[in-house]
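An overview of the molecular structure
So the chains spell out like this:
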Amino acid sequence: MTSPLEQKKIKIAGPSIVTANRTWDGIVVYRTTAKSWSADLSEAAIVRNSDEAKALLAESIADDVGAIGPYIAPVQVGADGKIEPGNLREQIRRTGVTIGQSAQA
Amino acid sequence: MYAYDEIDRTLVNERVSEFRDQVKRRLSGELTEDEFKILRLQNGVYLQLHAYMFRVAIPYGTLATNQLRALAHVARKYDRGYGHFTTRQNIQFNWIKLAELPDALEDLAKVGIHAMQTSGNNMRNVTSDQWAGVAPGEIEDPRIWSELIRQHTTLHPEFSFLPRKFKIAITASDHDRAAIKIHDIGLRLIKNEKGETGFEVLVGGGLGRTPFIAKTIKHFVHGRDILSYIEAILRVYNQYGRRDNIYKARIKILVHELGIEKFSREVEDEWQHIRNSSLEIDDEVIEDIRSRFTYPAYEKLPHMPDELRQAAADPDFEAWRKNSVAPHKVQGYSIVTISLKPTGGPPGDATAEQMDALADLADKYSFGEIRVGHEQNLALPHVAKRDLPALWKALDKLGLATPNVNLITDIIACPGLDYCSLANARSIPIAQELTRRFANHELANLIGRLHINISGCINACGHHHVGHIGILGVEKNGEEVYQITIGGRADESAALGTLIGPGVKFDEVADVVEDIVEAYLALRERPEELFMDTVKRLGVEPFKERVYATR
Ligand code: HEM
Ligand code: SF4
């Protein structure tokens, strides 16, 4: 995985979010516009250029107790504003494993 | 079985309370993630895609039934009801909560198991033959020596901050089930002309981005000198190993760059300084360890009991017996391999219920002992032959009697993109599809011994380089692509596979494997010619042609 520091150099190619894992139980979370974390992708703050992305990432990294390993990930935003993961990895992080084992807690 | 002493128990318990305190301080914000990361890794805790992953060591693959039950308990209470046995005699739990980890560790500590040195740049779990102590023709039980090395290297300061992780594997049989040639140090127990026990020492093997087969550095090191010799290797590695570049930090790179002759001269120099020191092992020390390994009170039993003779009429039993049951060094007993590769299932997974039930079966039929092998299967090491039919029936009820050990569906697969944060592609669904394609056991038997190994990235946790057919997932333009190799093996004739051509898409992998298998069936000169023999005879060219002719 790309470390947050390396990611600072990355130029984002489309709508993106910051995602991480919640510290106490490790579940997948997304940085929200309210400067907190949510397990619900629809609440994620969307960034559209690299300055915004860097700022969101910096803020996320600063919240070290809330969540660990924050990084920028691509998403797709539908015409209705619905947010979907932008790649298979994020799809798997969102819906759980693809191998027929239960994804729910 | 091995009985741990007071020192081990104290060590393990102290570790748990220390970690409990560290977790508390992390969750209160007193420790930052940067500060905490090294501490959690020292306790086998990784962050993966969905959650923390917790890796527990199973030294030399030996488990007592109370230990297996404790693993089942962890799976049930702190995880999602299953655990994943890996290629390194470890078990991993994929959905652990950090806040609950100290409790899980404490529950495991009660039965003497822990997660120390299951990650980080230190000496990892020393692995061995899962048939240790029971395989016919073995020089002696290799676990005695694994245990000696385990004791010496656990929390040893010189082995705690190596340039990179370090893996030792030991075998004592002609047939290498411990894959010693793909380890940093591989040890093969042998006897010299005087009948003394010692080791052939191999060094510099490993998979990952830059795979190497280990080279013999010394043909005979006396048992009493093995710690000093290992220490000499480690010192040379510690001195010259690359710490500036993680991709070049493993000892295999150093051995490759210096060349085995120069490397061995350096080791020899170092060794002469330290061999006649406190590192020389007294017979008493070895005897003490030896005495802690207890063996069952075997009965005198017939080679061919009636129960077995009768069951032989059942073709299903016979299908299972043929590939799951192996000869034991004591007459009337067998070693039973338990396939964790059911059709359509993730290789290496076992549910809490299966683990508990297996513990019961091991108590009933295997003197309370279970083994874990690097092929991600389990074994019962001491089953009386008369009990085989009853055991088979019980295993079948648990879904643990798939008759596919060493066949095409006995696949090694890493967790891949379904779990692993380093992955580029999925591994497990490929394995699942292949087990469905080749679910017909008659076909699988017709094909014979054929190992498929799958990794979801170049780190090669699924040992793809040494699969008879190896499958490596890579990423290309955001898509999963799979590179196929042929001709690898991890046994005494270890070799790396040869890439047969451009990568193929997720949906094509099973078709490609079918093509390779069909080509093999058409090319083999007689049914006894195994896949690897055909590859050896003809090279990869005919397989390559077959696979790419239509693509
Ligand atoms: C899921 C989390 C895992 C992570 C983050 C991880 C990480 C790594 C990395 C970075 C390497 C490459 C090391 C190198 O050679 O430089 C590696 C190699 C390896 N890992 Fe894993 N691994 C994971 C799971 C597993 C599993 C599930 C297995 C067993 C099925 C495994 C067993 C191995 C083995 C056997 C190697 C071979 C490397 C060698 O022989 O040199 N690991 N792992
Ligand atoms: S080979 Fe790669 S994908 Fe598979 S477990 Fe290892 S690091 Fe993860």
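What you are looking at is a predicted structure, and each value in this text was computed from that prediction instead of being measured.

Looking now at the overall build of chain A. On a plain count of helices and strands, chain A comes out with 3 helices and 5 strands. Ordered by position in the sequence, the α and β elements of chain A form the string α-β-β-β-α-β-β-α. Here chain A holds 105 residues, and the buried ones make up 42% of them. Across chain A, every contact between residues at least 6 apart in sequence was considered, and the portion connecting residues at least 24 apart equals 55%.

Residue and element names in this part refer to chain B. Overall, the coordinates contain 15 aromatic pairs over all chains when judged by the stated rule. Between the aromatic rings of F317 and W392, the centroid separation amounts to 5.5 Å while the plane-to-plane angle is 75 degrees, which identifies the pairing as edge-to-face. A residue pair is termed long-range when its members are at least 10 positions apart, and F317 in helix α12 (residues 315-324) and W392 in helix α14 (residues 388-397) qualify at 75 residues. Each of the two residues, F317 as well as W392, counts as buried.

Bringing the interface of chain A and chain B into the picture now. Each partner contributes residues to the interface: chain A has 25 residues there, and chain B has 32 residues. With both sides pooled, the region where chain A packs onto chain B buries about 2300 Å², and carbon together with sulfur makes up 58% of that total. For R26 of chain B, the salt bridge identified is with D64 of chain A, shortest N-O distance 3.0 Å. Here chain A is connected to chain B by 11 residue pairs in polar contact (both at pLDDT 80 or more). Where the side of chain A that touches chain B is concerned, the elements lending two or more residues are β1 (16-22) and α3 (88-95) of chain A.

The subject of this paragraph is the UniProt feature "domain: Nitrite/sulphite reductase 4Fe-4S" (unreviewed entry) in chain B. Residue and element names in this part refer to chain B. On the UniProt side, "domain: Nitrite/sulphite reductase 4Fe-4S" (unreviewed entry) is annotated at positions that read residues 119-273 and 408-547 here. Taken as a whole, residues 119-273 contains 34% helix and 18% strand, while its terminal C-alpha atoms sit 31 Å from one another. End C-alpha atoms of residues 408-547 are separated by 18 Å, and the span's content is 34% helix alongside 19% strand.

Here the protein supplies the iron atom of ligand 1 with just one donor, C461 of chain B (SG), and that contact is 2.2 Å long. Within the secondary structure, C461 of chain B is located in the loop between β17 (452-455) and β18 (469-476).

This part is about the site of ligand 1. Residues and elements named next belong to chain B. Neighbouring ligand 1 are 22 residues; Q48, T87, R164, R250 and C461 lie closest to it. In this structure, an oxygen atom belonging to ligand 1 sits 2.8 Å away from a side-chain N or O atom of R164. Residue L207 places a main-chain N or O atom 3.1 Å away from an oxygen atom belonging to ligand 1. Of the residues that constitute the shell around ligand 1, the class distribution is 8 nonpolar, 7 polar and 7 charged.

Here the focus is the site of ligand 2. The immediate surroundings of ligand 2 are formed by C414, P415, G416, C420, L422, A423, S455, G456, C457, N459, A460 and C461 of chain B. A per-class count over the shell around ligand 2 returns 8 nonpolar, 4 polar and no charged.

Conventions we followed
- Residues numbered from 1 in each chain as written.
- Chains lettered and ligands numbered in written order.
- Predicted model: local features only at pLDDT ≥ 70, side-chain atom pairs only at ≥ 80, totals over all residues.
- Heavy atoms only, no water.
- Helix = DSSP H or I, 4+ residues; strand = E, 2+ residues; numbered from the N terminus.
- Buried < 20%, exposed > 50% of the residue type's maximum accessible area, 1.4 Å probe, protein only.
- Contact = heavy atoms within 4.5 Å.
- Phe/Tyr/Trp six-rings, centres within 6.5 Å; stacked < 30°, edge-to-face > 60°.
- Buried area = accessible area lost by both parts, 1.4 Å probe.
- Salt bridge = Lys/Arg side-chain N within 4 Å of Asp/Glu carboxyl O.
- Polar contact = N/O pair within 3.5 Å; in protein donor to acceptor, adjacent residues only side chain to side chain.
- UniProt positions renumbered as here; feature names shortened; annotations may be inferred.
- Donors = N, O, S within 2.8 Å, 3.2 Å for Na, K, Ca; no water.
- Near = heavy atom within 4 Å.
- Nonpolar A, V, L, I, M, F, W, Y, C, P; charged D, E, K, R; others polar.

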